Amino acid sequence: MIYHLQRKVIRICGGSVILVFAVIFLLIYSFSTRQINETMDALTDRISDNDGRFPEWRDDRGNPGIPVGLPDFMTIETPFSTRFFTVRFDENGRVADVDVSSISAITEETARKYAEETYESGKERGWMEDYRYKQYQTGHGRTIVYVDGSMNRFMSNRMLFAAGVVLIISAFAIWMIAIFFSKHAVRPVAESYEKQKQFITDANHELKTPLTLVMTNLDILEAEIGENEWLSDIRSEGERMGALVNQLVVLARMDEDKTNLEMQSFSLSDMIVDVISEFQMLVQERGKTLEAQIDPKVDYVGDETAVRRVVSILLDNAVKYCDDGGSIRLRLEKKKHPVLYVENPYADVGETELDKLFDRFYRADKARTFTGGFGVGLSIAKAIVTQHRGEISAYKKDTGHIGFKVIWRQ
């Protein structure tokens, strides 16, 4: 149990770190992409505003310089370092002019091909490979300006790669730290758990001797004075106490993850039919009915004795808490993994905390007449199902029915 708790702590820490770092990386990627697009759009706007050519920049006095209001990244060298080309269309949608004088990597044929694809798309802005374009309407037709963004994208990708590597290394380092300190984190729980196990073991030894003595003395008294109401009550309570001690021992052993399961293939269908036959008389005595729908030839690989115990616990629980005159329904379905359903009428299902039903000593309805249970049966069932790598859950079928579902994984 402690080992599973430690692994859970590691998974939670590691998963949280990976999730946070993934969000950080996505934010960096989104911000970087937006910045590149805004930068390239600013360049295409300057060129489109000057009819497909880079304007000759002059300051307020008319001298060569940076005009007022330009983005910070633009300098006096920007017109000379920006590579671009322009394609113009006539009113009929045919290429009228191709200007590749400001770029050497693109031929007129390639520029024409890019422009025709962009024209067909109808998008105002976008990317054509490493070129950011802007498509706008003029008095003679459409014009498309393409600006080379290969360097910007290369630098952005390098930055994203570096950020990704740093985040991955950081996540791995944090994961290793979580593994190292997880033992310290679960140490208080481990100590408390060990004390609990020791208490159960000690209580088992301390209670068995006086219980054996009490039951032996009862046998002697009954032999001498005969059976009577008071001796029968003492015997009943003694047997209940003995059963509780045995169940606590079973739980303690299961918690140690040392329970030896004899895994073998058996017919789950036949085993459940056998268990149902054992409960038929008890169900009838309680004035209830038991309906079963079992798919034939459902085989399973597991500990047959332990699986039988789970089915018995669920049926016993259904009999105890089924409303008077109600009908208990058991269903076994042959799917990818065998699935078992046990349902029964239960008027107080709306007030039941379903997530706590598998807690030890939890009683779904404390106000009900005593049923003879201790509130540990479902805990044992869950432990057995978990050891078989399966899943067990409780659900509310409707306003008046409660059900239990077991998925028996192979």
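Given the structure is predicted, the values throughout are model-derived calculations rather than measurements.

A. The nonpolar core, seen in detail. Of all hydrophobic cores here, the largest spans 42 residues; its most connected members are Leu 268, Ile 272, Leu 314, Leu 315, Leu 340 and Trp 408. Taken together, the elements giving at least two residues each to this core come down to helix 6 (268–285), helix 7 (304–321), strand 9 (327–333), strand 10 (339–345), helix 8 (377–387), strand 11 (391–398) and strand 12 (401–407). The element best represented in this core is helix 7, accounting for 10 residues. If we ignore the near neighbours within four places in the chain, the residues touching Leu 315 are Val 275, Ile 276, Phe 279, Leu 290, Leu 330 and Val 342. Listed in part, the 17 residues of the second largest apolar core include Tyr 114, Tyr 131, Tyr 133 and Tyr 146.

B. How the structure looks around the sheet that holds strand 11. Strand order in the open sheet formed by 5 strands is 7-9-10-12-11, with mixed pairing between adjacent strands. This sheet does not close on itself; its edge strands, each paired only once, are strand 7 (289–294) and strand 11. Sheet twist, expressed as the mean angle between neighbouring strand axes with direction ignored, is 15°. Relative to strand 10, strand 9 runs antiparallel, the two being bridged by 5 bridges. Across the sheet, the residue bridging to Glu 333 is Val 339, located in strand 10. Running over the sheet, helix 6 touches strand 7, strand 9 and strand 10 and is turned about 170° from strand 7.

C. Representation of the sheet that holds strand 1 (residues 84–89). Strand order in this open sheet of 5 strands is 2-1-5-4-3, and the pairing throughout is antiparallel. A strand with exactly one partner marks an edge of an open sheet, and here the two such strands are strand 2 (95–99) and strand 3 (125–128). Neighbour-to-neighbour, the strand axes of this sheet turn through a mean angle of 20°, independent of strand direction. As paired elements, strand 1 and strand 5 (residues 141–148) share 5 bridges and run antiparallel to each other. Paired with Val 87 across the bridge in strand 5 is Ile 144.

D. Layout of the side chain of His 388. Within the element layout of this structure, His 388 appears in the loop between helix 8 and strand 11. The class of His 388 is buried, set by a relative accessible area of 2%. When neighbours within four sequence positions are excluded, His 388 is seen to be in contact with Leu 261, Met 263, Tyr 300, Gly 302, Asp 303, Ala 306, Val 307, Trp 408 and Arg 409.

E. A look at a nonpolar patch on the surface. Taken together, the side chains of Ile 18, Phe 172, Trp 175, Met 176 and Ile 179 make up a nonpolar region of the molecular surface, amounting to roughly 440 Å² of accessible area. Counting residues per element, the nonpolar patch draws most heavily on helix 4 (residues 150–225), at 4 residues. Summarising the element assignment, Ile 18 is placed in helix 1 (residues 2–49). On the basis of relative accessible area, Ile 18 is assigned to the partly exposed category, the value being 43%.

F. Expanded view of the confidence of the model for the protein. Averaged over the protein, the pLDDT score is 84; the fraction of residues at 70 or greater is 86%. Note on residues 366–372: pLDDT is under 50 here. Beyond four places in sequence and across chains, it has 12 contacts.

G. Representation of unusual backbone geometry within the structure. Not every positive phi belongs to a glycine, and Asp 51 is a case in point at roughly 60°. Within the fold, Asp 51 resides in the loop between helix 1 and helix 2 (78–81). Residues other than glycine seldom take positive phi values, yet Glu 129 does so here, at roughly 60°. Among the structural elements, Glu 129 can be located in the loop between strand 3 and strand 4 (131–138).

H. Focus on the pairing of strand 5. Summarising burial for strand 5: 6 of the 8 residues are buried, a large majority. For strand 4 and strand 5, the ladder comprises 8 bridges, and the chain directions are antiparallel. Bridging from a neighbouring strand, Tyr 131 pairs with Asp 148 of strand 5. Counted between consecutive antiparallel strands, the loop separating strand 4 from strand 5 contains 2 residues.

I. Inspection of the packing of helix 7 against helix 8 at higher detail. Packing of helix 7 against helix 8 brings their axes to within 9 Å, and their N-to-C directions diverge by 145°. For the crossing formed where helix 7 meets helix 8, the hand is left-handed. Side by side, helix 7 and helix 8 meet where Ala 306, Val 307, Arg 309, Val 310, Ile 313, Leu 314 and Asn 317 of the first sit next to Gly 377, Leu 378, Ile 380, Ala 381, Ile 384 and Val 385 of the second.

J. View of the packing of aromatic side chains. Considering all chains together, one arrives at 11 aromatic pairs under this definition. Between the aromatic rings of Phe 266 and Tyr 300, the centroid separation amounts to 6.1 Å while the plane-to-plane angle is 85°, which identifies the pairing as edge-to-face. Here Phe 266 is found in strand 6 (residues 264–267), whereas its partner Tyr 300 is found in strand 8 (residues 299–302), with 34 residues between them in sequence. A single burial state applies to Phe 266 and to Tyr 300, both of which are buried. Judged by centre distance (6.1 Å) and plane angle (85°), the ring pair of Phe 358 and Phe 404 falls under edge-to-face.

K. Local environment of the pattern of salt bridges. Counting across every chain of the model gives 16 salt bridges. The residue Lys 397 makes a salt bridge to Glu 343 at a minimum N-O spacing of 3.0 Å. Here Lys 397 is found in strand 11, whereas its partner Glu 343 is found in strand 10, with 54 residues between them in sequence. Judged by its relative accessible area of 6%, Glu 343 is buried. We note a salt bridge from Glu 391 to Arg 409, for which the minimum N-O separation is 2.7 Å. Of this pair, Glu 391 sits in strand 11 while Arg 409 sits in the segment after strand 12, and the two are 18 residues apart along the sequence. The partly exposed category is assigned to Glu 391, whose relative accessible area is 42%.

Thresholds, definitions, all that
Residues numbered from 1 in each chain as written. Predicted model: local features only at pLDDT ≥ 70, side-chain atom pairs only at ≥ 80, totals over all residues. Heavy atoms only, no water. Core = buried A, V, L, I, M, F, W, Y, C linked by side-chain atoms within 4.5 Å. Buried < 20%, exposed > 50% of the residue type's maximum accessible area, 1.4 Å probe, protein only. Helix = DSSP H or I, 4+ residues; strand = E, 2+ residues; numbered from the N terminus. Contact = heavy atoms within 4.5 Å. Pairing = 2+ DSSP bridges. Axes fitted to C-alpha atoms, helices over the stretch in contact; angles between N-to-C directions. Patch = residues over 30% accessible without salt bridge, like charges linked within 9 Å, V, L, I, M, F, W, Y side chains within 5 Å. Areas by Shrake-Rupley, 256 points an atom, 1.4 Å probe, with all protein chains shown as cover. Salt bridge = Lys/Arg side-chain N within 4 Å of Asp/Glu carboxyl O. pLDDT = per-residue confidence, 0-100. Left-handed = near helix turned anticlockwise from the far one by under 90°. Phe/Tyr/Trp six-rings, centres within 6.5 Å; stacked < 30°, edge-to-face > 60°.

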